[in-house]
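These are the residues of each chain, in order.
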Amino acid sequence: MAKTGHRKEAFPATQMTWINERLDAGDQGRREVATHLMDVYAEPLRIYLLGSSFRNAGEPEELINGFFANRLSRDDYLEGWRASDKRLRRWLINGLIFYIKEEFRRRKKTGTAISDEMEADLQDPADQYRAFDQAWAASIVRRAMSEAAEVCKKEGLEAHWDIFVRHHVQQQAYAICCKEHGVDAARAAVMARTASSRFREAVRSQVALDGADETTIDEELAGLRSLLQ
């Protein structure tokens, strides 16, 4: 993670984000992108399926694995996203819906019986986008916490990160957080702010990977906070 003085370089325009750079790097880069997408979006997509009218369409994990295998094997799938103005999470959830509909059309052609209820569901899937977005937001925070913790470790700021977690996650007062680290409460607050800046940087980095650029990232962060409330 870049230090504060390098934030501008850490969050370049959308076409310069990590995903785009890796997509331009050939097969290895595309495999790295595929791994990233599955790591970040599989669980939010699963939660979407469980809350939508597709919850009876099959095992969520099988549908999601099939979707990723089908779409990410196509060279043009993520190129389509790059040519669009959609956030990556919207591109993926819409792609999952289309994939499920394609699968059911394929089953019908092979003579597999489809219930009237499922036919109706395919025409009008339940809108559970907020549940998906909330799960995505939680995934972003988890990844940002892990990334920021690693950055603090590399920078020799383990104590700062520990105080940050104790105060902001475990809700301990600074007067308690400071004791183990041999500092007073005022110093503990300063240390927590240092770690907090690393966490905010990590969150911005993760949101940028969804397609936000410098002109929209603050708006995206505000939306992220509202989803987590």
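Residues numbered from 1 in each chain as written. Predicted model: local features only at pLDDT ≥ 70, side-chain atom pairs only at ≥ 80, totals over all residues. Heavy atoms only, no water.

Enquirer: How do you make sense of the environment of arginine 90 when you look at a structure like this?
Expert: Relative to the assigned elements, arginine 90 resides in helix 6 (residues 88-109). When the C-alpha atoms of arginine 90 and aspartate 133 are compared, they prove to be 9.2 Å apart, with 43 residues separating the residues in sequence. When near neighbours in sequence (up to four residues on either side) are disregarded, arginine 90 contacts Tyr129, Phe132 and Asp133. (Helix = DSSP H or I, 4+ residues; strand = E, 2+ residues; numbered from the N terminus. Contact = heavy atoms within 4.5 Å.)

Enquirer: Is there a simple way to explain the packing of aromatic side chains in this structure?
Expert: By convention here, two paired aromatic rings are described through the distance between centres and the angle between planes. All chains considered together, the criterion is met by 6 aromatic pairs. Taking the centre distance of 6.1 Å and the plane angle of 55° together, the rings of phenylalanine 67 and tyrosine 99 count as tilted. You can see phenylalanine 67 sitting in helix 4 (residues 60-72) and its partner tyrosine 99 sitting in helix 6, a full 32 residues away along the chain. Its relative accessible area of 0% is what places phenylalanine 67 among the buried residues. Between the aromatic rings of phenylalanine 164 and phenylalanine 199, the centroid separation amounts to 5.8 Å while the plane-to-plane angle is 40°, which identifies the pairing as tilted. Taken together, the residues span a long stretch of sequence, with phenylalanine 164 in helix 9 (residues 158-169) and phenylalanine 199 in helix 11 (residues 185-208) at a distance of 35 residues. Cluster of aromatic residues (ring-pair linked, three or more members): Phe67, Phe68, Tyr77, Trp91 and Tyr99. (Phe/Tyr/Trp six-rings, centres within 6.5 Å; stacked < 30°, edge-to-face > 60°. Buried < 20%, exposed > 50% of the residue type's maximum accessible area, 1.4 Å probe, protein only.)

Enquirer: Explanation requested: the nonpolar core in the structure shown.
Expert: Taken as a class, soluble globular proteins show a tendency for nonpolar side chains to be buried jointly. Membership of the largest hydrophobic core comes to 45 residues, with the highest contact counts inside it found for Leu37, Tyr41, Leu45 and Ile100. Contributions of two or more residues to this core are made by helix 2 (18-23), helix 3 (27-51), helix 4, helix 5 (75-83), helix 6, helix 8 (129-154), helix 9 and helix 11. Ranked by the residues each element gives to this core, the list is headed by helix 6, at 9 residues. Sequence-distant contacts of leucine 45, that is, excluding residues within four places in its chain, are made with Ile64, Phe67, Phe68, Ile93, Leu96 and Phe132. Residues Ile163, Cys177, Cys178 and Ala188 belong to the second largest nonpolar core, which totals 8 residues. (Core = buried A, V, L, I, M, F, W, Y, C linked by side-chain atoms within 4.5 Å.)

Enquirer: I tried to follow the packing of helix 3 against helix 8 on my own but got confused; where do I start?
Expert: What describes two packed helices is the angle between their axes and the distance between those same axes. Where helix 3 contacts helix 8, the axes come no closer than 8 Å and their chain directions differ by 145°. Taken as a pair, helix 3 and helix 8 cross one another with a handedness that is right-handed. Residues His36, Asp39, Val40, Tyr41, Pro44, Leu45, Ile47 and Tyr48 of helix 3 touch helix 8, and the partners they reach there are Tyr129, Ala131, Phe132, Ala135, Trp136, Ser139, Ile140 and Arg143. Among the residues making up the contact of helix 3 with helix 8, the classes are represented as 12 nonpolar, 2 polar and 2 charged. (Axes fitted to C-alpha atoms, helices over the stretch in contact; angles between N-to-C directions. Left-handed = near helix turned anticlockwise from the far one by under 90°. Nonpolar A, V, L, I, M, F, W, Y, C, P; charged D, E, K, R; others polar.)

Enquirer: Please explain the side chain of arginine 166 as it appears in this structure.
Expert: Inspection of the secondary structure assignment puts arginine 166 in helix 9. Judged by relative accessible area, which is 16%, arginine 166 ranks as buried. Residue contacts for arginine 166: discarding those within four places in its chain leaves Gln171, Gln172, Cys177 and Glu180.

Enquirer: What exactly am I supposed to notice about helix 5 here?
Expert: One turn of the α-helix equals 3.6 residues, which is why residues spaced by three or four share an orientation. Listed in full, the buried residues belonging to helix 5 are Tyr77, Leu78 and Trp81. Take helix 5 and look down its axis: the buried residues cluster within an arc of 80°, on one side only. Within helix 5, the exposed residues directed more than 90 degrees away from the buried face are Asp75, Asp76 and Ala83. If you follow the buried residues of helix 5, they end up packed against helix 2, helix 3, helix 4 and helix 6. (Arc of directions from axis to C-beta.)

Enquirer: In this structure, what is going on with unusual backbone geometry? I would like to understand it.
Expert: Residues apart from glycine generally show negative phi values, whereas peptide bonds are mostly found in trans. Located in the positive-phi region is glutamine 171, a residue other than glycine, with phi close to 60°. Mapped onto the elements, glutamine 171 comes out in the loop between helix 9 and helix 10 (174-177).

Enquirer: Teacher, can you tell me more about the environment of histidine 160 here?
Expert: Inspection of the secondary structure puts histidine 160 in helix 9. For histidine 160, a relative accessible area of 12% translates into the label buried. Put simply, histidine 160 and methionine 191 are 31 residues apart on the chain and 4.8 Å apart in space, counted from C-alpha to C-alpha. Discounting residues that sit within four places of it in the chain, histidine 160 has contacts with Arg187, Met191, Ala192, Thr194 and Ala195.

Enquirer: Teacher, can you tell me more about the pattern of salt bridges here?
Expert: Once their charged atoms are close, side chains differing in charge can pair, the charge on each being opposite to the other. Overall, the coordinates contain 12 salt bridges when judged by the stated rule. One salt bridge connects arginine 30 with glutamate 79, and the closest N-O pair in it is separated by 3.1 Å. Residue arginine 30 is located in helix 3, and its partner glutamate 79 is located in helix 5; the two are separated by 49 residues in the primary sequence. In this structure arginine 30 comes out as partly exposed when scored by relative accessible area, which is 24%. When its relative accessible area of 29% is taken as the criterion, glutamate 79 is described as partly exposed. The partner of arginine 166 in a salt bridge is glutamate 180, with the nearest N and O atoms 2.5 Å apart. Here glutamate 180 lies in the loop between helix 10 and helix 11 and arginine 166 lies in helix 9, a separation of 14 residues in the sequence. Residue class for glutamate 180 comes out exposed when judged on its relative accessible area of 57%. By sharing partners, the salt bridges in this structure join Asp24, Arg30, Glu79 and Arg82 into a single network. (Salt bridge = Lys/Arg side-chain N within 4 Å of Asp/Glu carboxyl O.)

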